[in-house]
Structure formats: C-alpha cells, structure tokens
Amino acid sequence: MLYKLERNYQCMHKTRLLFIITLLISLLAGCGNRGIPVIKQELLDQKMSVLMLSSSGLSASAKDVLGQTLKNWRDGNSIAYEWVKDLNALDDNVDSKLKSKTYDYIYVVGNELFPSANEKMALGLTTSKWTFLQSQPFAEGSAITVNEQASLLQLDLQQMETMKNKAIQDLLFQNVVIEWVTQSERPIPSAWAPSEESDHIVLLNNNNQWFQQLTFQVHQHHAAWVIFYSPVSEDQLQKAKSLGVSVMDFAGALTADLNWTQIFDNRLAMMKTHTWQKGIQNYNPQELKELKMK
C-alpha cells in the first residue's frame, strides 16, 4: 500500500511539472507577439490579406472604428491583417513587412502618410494594391502619384472650391475690407482683388518684412480680415491673428467629418467582389458626413 501511494505521488508530481513547463512555453511564445498583430506568411497565402497603415493624426473615433473594422474583417470574413498605427511616415518596420510578406491590399489612412507611402510604392517592393484614404482636405505636399497599383479616395475638389469661393463672395458682399497674403505664382483672382486694389496684397516671396507690411496695410485700410491665399505655416497664421483681425487660411479653410464605418464597409464589399479600381475617386455622400468651413 505504501509503495502504491508513493508511486501515485510521483505520477502526480510529474504531471504537475509537465503542466507548468507547458504553461511557461505558452507564455514565452506569447511575449513576442504583443502590440501590433503579426501574421505568418503561410496564413497570408491562405487568406485574403491586408496591411493597414494609419496616421498618428487620425481622430480617436476614427482609430476606434478602424480597430473594430479589422477585427470584424478577420472574424466575419477570414481576412488576415496587420495594423501599423500612429505613424508619422512609413518607417523601417513597414519596409521590412513589404519586403518579407505579400499582401493583397495595402491601405494608407491619413494625408500625413501620403508622401512617404508614395515613395515606398514607387520602389516596387510589392505588387499589392494600394488604397490611399484621405482623412482631411489635402494639405500642401500630401498629393500622391496615382499609378497602376494605386487608388485614391478623396474629397470632391470641386465641392471644396465652391464652398471656399462662396465664403469669399459672402465677405465681399458685406463690403468687408480684406488684406490678401500670397505667393507671386498664386495671384489673387481679379474678381476678388481688382488691379486697382493691389495695395491690399502682400507677397511672401523672399519677403522677410511681410508681417511689417501686412501690419501697415491692416492699419492703413482698417481691414477686418486677412486671408492667406497660398499655403501658410501655423507661425504665420498666429502672427496675423495677433493683429486683432479675422484670419482665414484659404488653402486649409475646410474640415471634413468622414463616415469611417461606411468607408470601410465599402472597402470590404470591394475586396469581396474583387472590384478594386485604380485611379482617383471621390468619397460618396454616404461616406462624407459633413464638409464645412473651419
């Protein structure tokens, strides 16, 4: 009887050790997989696969929608994915993924990423289909070269120009005095600033004294508005605002509220029906909630 009890104890001890060792191995294997989901090439080969690259500039609500979208794509549609988020530009980590793995679709979400993504795409590191999703109206330098591999979803340029033009016309209708700030290669439309009003224009080209000139003109003409017609830095905007007048950055005058859930639902439908199209497309009325002046 004593021999049997001792033998049973030894068996239980071995079983417990085996369980502990197995648990430790599982924990160690999981430690290398924290943060960004990582998928093996074999899984990518078996399923439709997506590499999602998103900008640090996306709103918290957009990031939440994106995270839930990817889970739904995986759980409901067996789409394998990797998500590299909060990027300011495509980095070495993204380079490594493009060189070592093959994805069916690559999504670039956020204007800030467009320049670096455009460069990576031009290197021909992958034959994947790239889709650029504009997050706000284009800023200077964020345009991309749309080639055979690329699709761009953007806000309707004509709609944006119509809104900005209306805002200017409304000011002119009120006989508001405006000082314009621009570059010589971007002249103010004559309907807004006739040639006889050239003294209401300040040029930025090689003009270190532009702010002093603007200050003089605002006081001389008792201007109520300063409008920057060419792209401008935040520092220049703040300087103009210090004059105590209303200031408009014409290039960045609009903001967009996008329906990210609808945008990604439409991307899913496109992937499932294999109807991806290269070229430039505008967001449709369901994908754009609101476009407005800031």
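Residues numbered from 1 in each chain as written. Predicted model: local features only at pLDDT ≥ 70, side-chain atom pairs only at ≥ 80, totals over all residues. Heavy atoms only, no water.

Structural notes on the sheet that holds strand S5 (residues 150–154)
For sheets, the rule is that strands pair by backbone hydrogen bonds, running either parallel or antiparallel.
In step 1: Taken together, the six strands give an open sheet; going across it, the order is S2-S1-S3-S4-S5-S11, and neighbouring strands pair in parallel fashion. Bordering the open sheet on either side are strand S2 (79–87) and strand S11 (279–282), each of which pairs with just one other strand. This sheet shows a mean twist of 15 degrees between the axes of neighbouring strands, independent of strand direction.
In step 2: Pairing between strand S1 (residues 48–55) and S2: seven bridges, direction parallel. Across the sheet, the residue bridging to Leu53 is Val84, located in S2.
In step 3: Its contacts with the sheet put helix H4 (residues 92–100) on S1, S2, strand S3 (105–109) and strand S4 (129–133), and the angle it makes with S2 is roughly 160 degrees. (Pairing = 2+ DSSP bridges. Helix = DSSP H or I, 4+ residues; strand = E, 2+ residues; numbered from the N terminus. Axes fitted to C-alpha atoms, helices over the stretch in contact; angles between N-to-C directions. Contact = heavy atoms within 4.5 Å.)

Concerning the nonpolar core
In step 1: The biggest cluster of nonpolar side chains holds 30 residues, and the ones touching the most others in it are Val50, Met52, Trp73, Tyr107, Leu133, Trp260 and Met271.
In step 2: Of all the elements, helix H9 (residues 260–273) adds the most residues to this core, at six residues.
In step 3: Sequence-distant contacts of Trp73, that is, excluding residues within four places in its chain, are made with Val50, Met52, Ser78, Ile79, Tyr107, Phe264, Arg267, Leu268 and Met271. (Core = buried A, V, L, I, M, F, W, Y, C linked by side-chain atoms within 4.5 Å. Buried < 20%, exposed > 50% of the residue type's maximum accessible area, 1.4 Å probe, protein only.)

Quick look at the sheet that holds strand S6 (residues 178–182)
In step 1: What the four strands build is an open sheet, ordered S7-S6-S8-S9; its pairing is parallel. In this open sheet, the two strands that pair with only one neighbour each are strand S7 (201–203) and strand S9 (246–249). Between one strand and the next, the sheet's axes are offset by a mean angle of 20 degrees, whatever the strand orientation.
In step 2: Two elements, S6 and S7, share three bridges in a ladder whose sense is parallel. Bridge pairing in S7 links Thr182 to Leu203.
In step 3: The strands touched by helix H7 (residues 210–221) are S6, S7 and strand S8 (225–228); relative to S7, the strand with the most contacts, the crossing angle is about 175 degrees.

Considering the confidence of the model for the chain
If pLDDT is low for a region, its predicted coordinates should not be looked at in detail.
In step 1: Averaged over every residue, the pLDDT of the chain is 86; residues scoring 70 or more account for 83%.
In step 2: Here residues 26–35 is a poorly scored stretch, pLDDT under 50, and it has one contact once near neighbours within four places are set aside; other chains count. (pLDDT = per-residue confidence, 0-100.)

Details of H7
The α-helix winds at 3.6 residues per turn, so residues separated by three or four positions along the chain end up facing the same way.
In step 1: Between its first and last C-alpha, H7 extends 16 Å over twelve residues, near the 16 Å set by a 1.5 Å rise per residue.
In step 2: Every buried residue of H7 is listed here: Trp210, Phe211, Leu214, Thr215, Gln217, Val218 and His221.
In step 3: Next to the buried residues of H7 lie S6, S7, S8 and helix H8 (234–241).
In step 4: Backbone geometry just downstream of H7 places His222 in the positive-phi region, at approximately 55 degrees. (Expected span 1.5 Å × (residues − 1).)

Focus: the packing of aromatic side chains
In step 1: This structure, assessed with the given rule, holds twelve aromatic pairs.
In step 2: Ring geometry for Phe114 versus Phe132: centroids 5.2 Å apart, planes at 90 degrees, classification edge-to-face. Here Phe132 lies in strand S4 and Phe114 lies in helix H5 (residues 114–122), a separation of 18 residues in the sequence.
In step 3: Taking 5.1 Å as the distance between ring centres and 40 degrees as the angle between the ring planes, the aromatic pair formed by Tyr229 and Phe250 counts as tilted. Of this pair, Tyr229 sits in the loop between S8 and H8 while Phe250 sits in the loop between S9 and strand S10 (254–258), placing them 21 residues apart in sequence.
In step 4: Three or more aromatic residues joined by ring pairs form one cluster here, namely Trp73, Tyr107, Trp260 and Phe264.
In step 5: The ring of Trp83 has Lys85 lying over it, and the distance from NZ or CZ to the ring centre is 4.6 Å. (Phe/Tyr/Trp six-rings, centres within 6.5 Å; stacked < 30°, edge-to-face > 60°. Lys NZ or Arg CZ within 6 Å of the ring centre and 35° of its normal.)

Details of the side chain of Gln149
In step 1: In this structure the side chain of Gln149 is engaged in a polar contact, spanning 2.9 Å, whose partner is the backbone oxygen of Thr126.
In step 2: Among the polar contacts listed, one links the side chain of Gln149 to the backbone oxygen of Ser128, at a separation of 2.8 Å. (Polar contact = N/O pair within 3.5 Å; in protein donor to acceptor, adjacent residues only side chain to side chain.)

Considerations on the side chain of Lys164
In step 1: You can see Lys164 is positioned in helix H6 (residues 157–173).
In step 2: Within the local environment of Lys164, its side chain forms a polar contact with the backbone oxygen of Phe250, the two atoms lying 3.4 Å apart.
In step 3: Once you skip the residues sitting within four places of it in the chain, Lys164 turns out to touch Phe250, Ala251, Ala253, Leu254 and Met293.

Topic: the packing of helix H3 (residues 60–77) against H9
In step 1: Taken N-terminus to C-terminus, the directions of H3 and H9 make an angle of 30 degrees; their axes are 10 Å apart at the nearest point. Taken together, the axis directions place H3 and H9 in an arrangement best described as roughly parallel. Note that H3 runs across H9; the crossing there is right-handed. In contact with Ala62, Val65, Leu66, Thr69, Trp73 and Asn77 of H3, H9 contributes Trp260, Thr261, Phe264, Arg267, Leu268, Met271 and Lys272.
In step 2: Grouping the constituent residues of the contact of H3 with H9 by class yields eight nonpolar, three polar and two charged. (Parallel < 35°, antiparallel > 145°, perpendicular 65-115°, else oblique. Left-handed = near helix turned anticlockwise from the far one by under 90°. Nonpolar A, V, L, I, M, F, W, Y, C, P; charged D, E, K, R; others polar.)

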